[in-house]
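Single-letter residue listing:
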Amino acid sequence: MKSLRVRVACAVVLCGFSFNVFATESSASDATQGVWQKHEYNFQFLGFTSTYSCDGLAGKLKVLLIAAGARADAKSTADACAGGYGTPDKFARASLTFHTLAPAQTGDNANTPINAVWKSIAIADRSPREVRPGDCELVEQFRDKVLPMFTTRNIDNRMTCVPNQLSGSVINLKFEVLAAVPVAKTK
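Note that the coordinates shown come from a computational prediction; the quantities given were computed from them, not determined experimentally.

1. Things to note about the overall build of the protein
Then, number 1: Within the protein one finds two helices and 10 strands.
Then, number 2: Tracing the protein from N to C terminus, the helices and strands come up as β-β-β-β-α-β-β-β-β-α-β-β.
Then, number 3: Residues classed as buried in the protein amount to 40% of the 187 residues present.
Then, number 4: Contacts spanning at least 24 positions in sequence make up 72% of the contacts within the protein whose residues lie at least 6 apart.
Then, number 5: If you sum the accessible surface of the protein, you get close to 10400 Å²; carbon and sulfur atoms cover 53% of it.

2. Focus: the confidence of the model for the protein
Then, number 1: For the protein, mean pLDDT is 83; residues scoring 70 or higher make up 81% of the total.
Then, number 2: Every residue in residues 1-28 scores below 50 in pLDDT, and together they form 53 contacts with partners more than four places removed in sequence or on other chains.

3. Looking at the packing of helix α1 (residues 54-68) against helix α2 (residues 136-145)
Then, number 1: It is at 11 Å that the axes of α1 and α2 come closest, and there the two elements cross at 55 degrees. With respect to their mutual orientation, α1 and α2 come out oblique. Relative to α2, the crossing made by α1 is right-handed. The segment α1 lies against α2, with Leu57, Lys60, Leu61, Leu64, Leu65 and Ala68 engaging Leu138, Val139 and Phe142.
Then, number 2: Of the residues that constitute the contact of α1 with α2, the class distribution is eight nonpolar, no polar and one charged.

4. Let's talk about the pattern of salt bridges
Then, number 1: Scanning all chains against the criterion turns up eight salt bridges.
Then, number 2: Aspartate 79 is paired through a salt bridge with arginine 93; the nearest N and O atoms lie 3.6 Å apart. Here aspartate 79 is found in the loop between β5 (75-78) and β6 (88-89), whereas its partner arginine 93 is found in strand β7 (residues 93-103), with 14 residues between them in sequence.

5. Notes on α2
Then, number 1: Across the 10 residues that make up α2, a large majority, seven, are buried.
Then, number 2: Among all positions of α2, only Cys136, Glu137, Leu138, Val139, Gln141, Phe142 and Arg143 are buried.
Then, number 3: Structurally, α2 contributes buried residues whose contacts are with β3 (32-44), β4 (52-53), α1, β8 (114-124), β9 (152-157) and β10 (172-180).

6. Considering the nonpolar core
Then, number 1: Membership of the largest hydrophobic core comes to 34 residues, with the highest contact counts inside it found for Leu57, Leu65, Phe98 and Phe150.
Then, number 2: Once residues lying within four places of it in the same chain are set aside, the contact partners of phenylalanine 98 are Gln37, Lys38, His39, Leu65, Ala70, Ala74, Val146, Met149 and Phe150.

7. Brief notes about unusual backbone geometry
Then, number 1: Residue proline 128 is bonded to the preceding serine 127 through a cis peptide linkage, with omega at 0 degrees.
Then, number 2: Within the element layout of this structure, proline 128 appears in the loop between β8 and α2.
Then, number 3: Its identity is not glycine, yet arginine 126 carries a phi of approximately 70 degrees, on the positive side.
Then, number 4: Tracing the chain through its elements places arginine 126 in the loop between β8 and α2.
Then, number 5: Look at asparagine 154: it is not a glycine, yet its phi comes out positive at around 50 degrees.
Then, number 6: Along the chain, asparagine 154 turns up in strand β9.

8. Re the environment of alanine 72
Then, number 1: Looking at where alanine 72 falls in the secondary structure, it is placed in the loop between α1 and β5.
Then, number 2: Considered as a pair, alanine 72 and lysine 62 are 10 residues apart in the sequence and their alpha carbons are 9.7 Å apart.

9. Focus: the pairing of β3
Then, number 1: In this sheet, β8 lies alongside β3 in antiparallel orientation, the contact comprising three bridges. Across the sheet, glutamine 33 pairs through a bridge with asparagine 115, a residue of β8.
Then, number 2: Two strands pair when backbone bridges link them, and β3 and β7 are joined in this way by 11 bridges, in the antiparallel orientation. When the sheet's bridge partners are listed, glutamate 40 is paired in β7 with threonine 97.

What counts as what
Residues numbered from 1 in each chain as written. Predicted model: local features only at pLDDT ≥ 70, side-chain atom pairs only at ≥ 80, totals over all residues. Heavy atoms only, no water. Helix = DSSP H or I, 4+ residues; strand = E, 2+ residues; numbered from the N terminus. Buried < 20%, exposed > 50% of the residue type's maximum accessible area, 1.4 Å probe, protein only. Contact = heavy atoms within 4.5 Å. Areas by Shrake-Rupley, 256 points an atom, 1.4 Å probe, with all protein chains shown as cover. pLDDT = per-residue confidence, 0-100. Axes fitted to C-alpha atoms, helices over the stretch in contact; angles between N-to-C directions. Parallel < 35°, antiparallel > 145°, perpendicular 65-115°, else oblique. Left-handed = near helix turned anticlockwise from the far one by under 90°. Nonpolar A, V, L, I, M, F, W, Y, C, P; charged D, E, K, R; others polar. Salt bridge = Lys/Arg side-chain N within 4 Å of Asp/Glu carboxyl O. Core = buried A, V, L, I, M, F, W, Y, C linked by side-chain atoms within 4.5 Å. Pairing = 2+ DSSP bridges.

Here it is, written out as structure tokens:
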């Protein structure tokens, strides 16, 4: 029987952020079991093109976490910054707390395994819609510092960030992430 690939377009609305995630679910033969793993990370942004307030950085990081496949209860909060709310800071920081799926290990009784599949994710200009060309260095740092905490494969990194200018910068990051199988809603 031929492998069936299903195109899924989900509109997700979380904590005031809405974006479209276009994902391709793998065939049933790629189905596996996964367990949630908790991650905590203090993210400090240092870029040349864009400057974020700590709360603005926290908001962008939450969007990237959810788009990359973190569980919906991901938290991104502004960390200690020199300026007040909404004030740009050259060294903006945010505290991240999120869960990602990892393959279930045989004999791991500490965590209850759930059904999981590999999903294709694409992060690009306006995908999710909150990502703009000025976010190139942020997406690049997210890729380097946070994405390794996810279970990924087939990473296609075609990022080109040109410091101090928007022209020439390209946000194009694709990968597959281990994600929970969507639970069917009961009527």
